[in-house]
Amino acid sequence: MADLIAFLIEHFQDFDACPAPNDLSALLEEVGFDGVEINHALMLLEILTAEPLISAKQEFTDSLRVYTVDETDILPPEVIDLLSFLSREQALNPSQRELVVHALLCMPPEDITVDLAKVLSLLVLWIQRSELPVLIGDELMMALHGQTVMH
């Protein structure tokens, strides 16, 4: 999944430049991605784009996100720490963080890692056309290429 999302982010300047789902599916298959992975990614894109666009200027708050028991049973502590860090550093606003949490909860629990959370954070920011601090953006982009340094 991370490779497919990396391909999208690297080959399309923004989400609006992506082809329609059927054309995108054909393109991804032609490039060599697995059909199951393509379907999963298209479903995820549909879920994330069903939400209204979140203003990049949305106010950041000092509120505390409390995770439910169900969420903490599925999301590893390292992933929750990453999401807290991204929120605290204002890389993700609260609504974007919730989109990432929602996307993570749509994944098989055994696939949920810090790197996947980073990639999904980038995906949400890409779909929302949001900018993020350069250093944090660099760290998130490293997850696309299998290099991790931010924890």
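Cut-offs used in this document
Each chain carries its own residue numbering, running from 1 in the written order of its sequence. Residue-level local features of this predicted model are given only where pLDDT is at least 70; pairs of side-chain atoms are given and counted only at 80 or more, and the full residue set underlies all totals for whole chains, interfaces and linings. Water and hydrogen atoms were dropped before computing side-chain values, which therefore reflect all heavy atoms in the structure. Strands are runs of DSSP state E lasting at least 2 residues, helices are runs of H or I lasting at least 4, and numbering of each runs from the N terminus. Classification of residues uses two cut-offs on accessible area relative to the type maximum, computed with a 1.4 Å probe and protein chains only: under 20% is buried, over 50% is exposed, and between them is partly exposed. Under this scheme, a helix contributes an axis fitted over its contacting stretch, all axes are lines through C-alpha atoms, and angles between N-to-C directions fall in the 0 to 180 degree range. These descriptions rest on fixed angle ranges, namely under 35 degrees for roughly parallel, over 145 for roughly antiparallel, 65 to 115 for roughly perpendicular, and the rest for oblique. Handedness of each helix crossing follows the sense of rotation of the near helix against the far helix: counterclockwise by less than a right angle gives left-handed, clockwise gives right-handed. Two residues form a contact once any of their heavy atoms are found within 4.5 Å. Gly is put with the polar residues, along with every residue not named as nonpolar or charged; the nonpolar set is Ala, Val, Leu, Ile, Met, Phe, Trp, Tyr, Cys and Pro, and the charged set is Asp, Glu, Lys and Arg. Working definition of a nonpolar core: buried Ala, Val, Leu, Ile, Met, Phe, Trp, Tyr and Cys residues. They are joined through side-chain atoms within 4.5 Å. The span one expects for a helix is its residue count, reduced by one, times 1.5 Å. In what follows, salt bridge is the name for a side-chain nitrogen of Lys or Arg lying within 4 Å of a carboxyl oxygen of Asp or Glu. The rule is short: rings of Phe, Tyr and Trp, with Trp giving its six-membered ring, pair when the centres are within 6.5 Å, and they are stacked under 30 degrees, edge-to-face over 60, tilted in between.

Q: Would you mind showing me how to read the environment of Asp115 here?
A: Mapped onto the secondary structure, Asp115 falls in helix α7 (residues 114-127). Assessed through its relative accessible area of 29%, Asp115 is described here as partly exposed. The spatial distance from the C-alpha of Asp115 to the C-alpha of Val79 is 8.6 Å, given a sequence separation of 36 residues.

Q: Could you clarify how one ought to interpret the packing of helix α5 (residues 77-88) against helix α6 (residues 94-105) in this entry?
A: If you want to describe how two helices pack, look at the angle between their axes and the distance between the axes. Viewed as axis vectors pointing N to C, α5 and α6 meet at an angle of 160 degrees, and their least axial separation amounts to 10 Å. Relative to α6, α5 is oriented roughly antiparallel. The handedness of the crossing between α5 and α6 comes out as right-handed. The segment α5 lies against α6, with Val79, Leu83 and Ser87 engaging Arg97, Val100, Val101 and Leu104. Its residues assigned to classes, the contact of α5 with α6 shows five nonpolar, one polar and one charged.

Q: I keep staring at the nonpolar core and nothing clicks. Help me out?
A: Considering soluble globular proteins, one finds that nonpolar side chains tend to be buried as a cluster. In this structure, Leu8, Leu104, Leu120 and Leu123 are the most contacted members of the largest nonpolar core, which totals 44 residues. Every element with two or more residues in this core is listed here: α1 (2-11), α2 (21-31), α3 (35-50), α5, α6 and α7. Looking at which element gives the most residues to this core, the answer is α7, with eleven residues. Leaving out residues up to four positions away in the same chain, Leu123 has contacts with Ile5, Ile9, Leu44, Leu45 and Leu48.

Q: Explanation requested: α7 in the structure shown.
A: Residues three or four positions apart in an α-helix share a direction because the helix packs 3.6 residues into each turn. Taking 1.5 Å per residue as the helical rise, α7 with its 14 residues ought to reach 20 Å, and the 20 Å between its terminal C-alpha atoms agrees with that figure. Counted residue by residue, α7 has 13 buried out of 14 residues, so it is predominantly covered. One or two steps after α7, the chain reaches Arg129, where phi turns positive at roughly 55 degrees.

Q: Explain the pattern of salt bridges to me, please; I cannot follow it from the model alone.
A: Think of it this way: side chains of opposite charge can pair up when their charged atoms draw near. The tally for this structure, following the rule as stated, stands at four salt bridges. Arg129 is the partner of Asp16 in a salt bridge, and the nearest nitrogen-oxygen pair spans 2.7 Å. Of this pair, Asp16 sits in the loop between α1 and α2 while Arg129 sits in the loop between α7 and α8 (134-144), and the two are 113 residues apart along the sequence. Of the charged contacts, one joins Glu98 and Arg97 as a salt bridge, the two residues approaching to 3.1 Å between their closest N and O atoms.

Q: Is there a simple way to think about the environment of His102 in this case?
A: Note that His102 resides in helix α6. Sequence-wise, His102 and Leu44 are 58 residues apart; in three dimensions their C-alpha atoms are separated by 9.8 Å.

Q: Would you mind going over the packing of aromatic side chains with me for this structure?
A: By convention here, two paired aromatic rings are described through the distance between centres and the angle between planes. Scanning the entire structure with this criterion turns up two aromatic pairs. A ring pair is formed by Phe15 and Trp126, whose centres lie 5.5 Å apart and whose planes are at 85 degrees; its orientation type is edge-to-face. Residue Phe15 is found in the loop between α1 and α2, and its partner Trp126 is found in helix α7; the two are separated by 111 residues along the sequence.

Q: Explanation requested: the packing of α3 against α7 in the structure shown.
A: Where α3 meets α7, the closest approach of the two axes is 10 Å, and the angle between their N-to-C directions is 50 degrees. In terms of orientation, α3 lies oblique with respect to α7. The handedness of the crossing between α3 and α7 is right-handed. Contact with α3, carried on its side by Leu44, Leu45, Leu48 and Thr49, involves Leu120, Leu123, Val124 and Ile127 of α7 and no other residues of that element. Considering only residue class, the contact of α3 with α7 consists of seven nonpolar, one polar and no charged.

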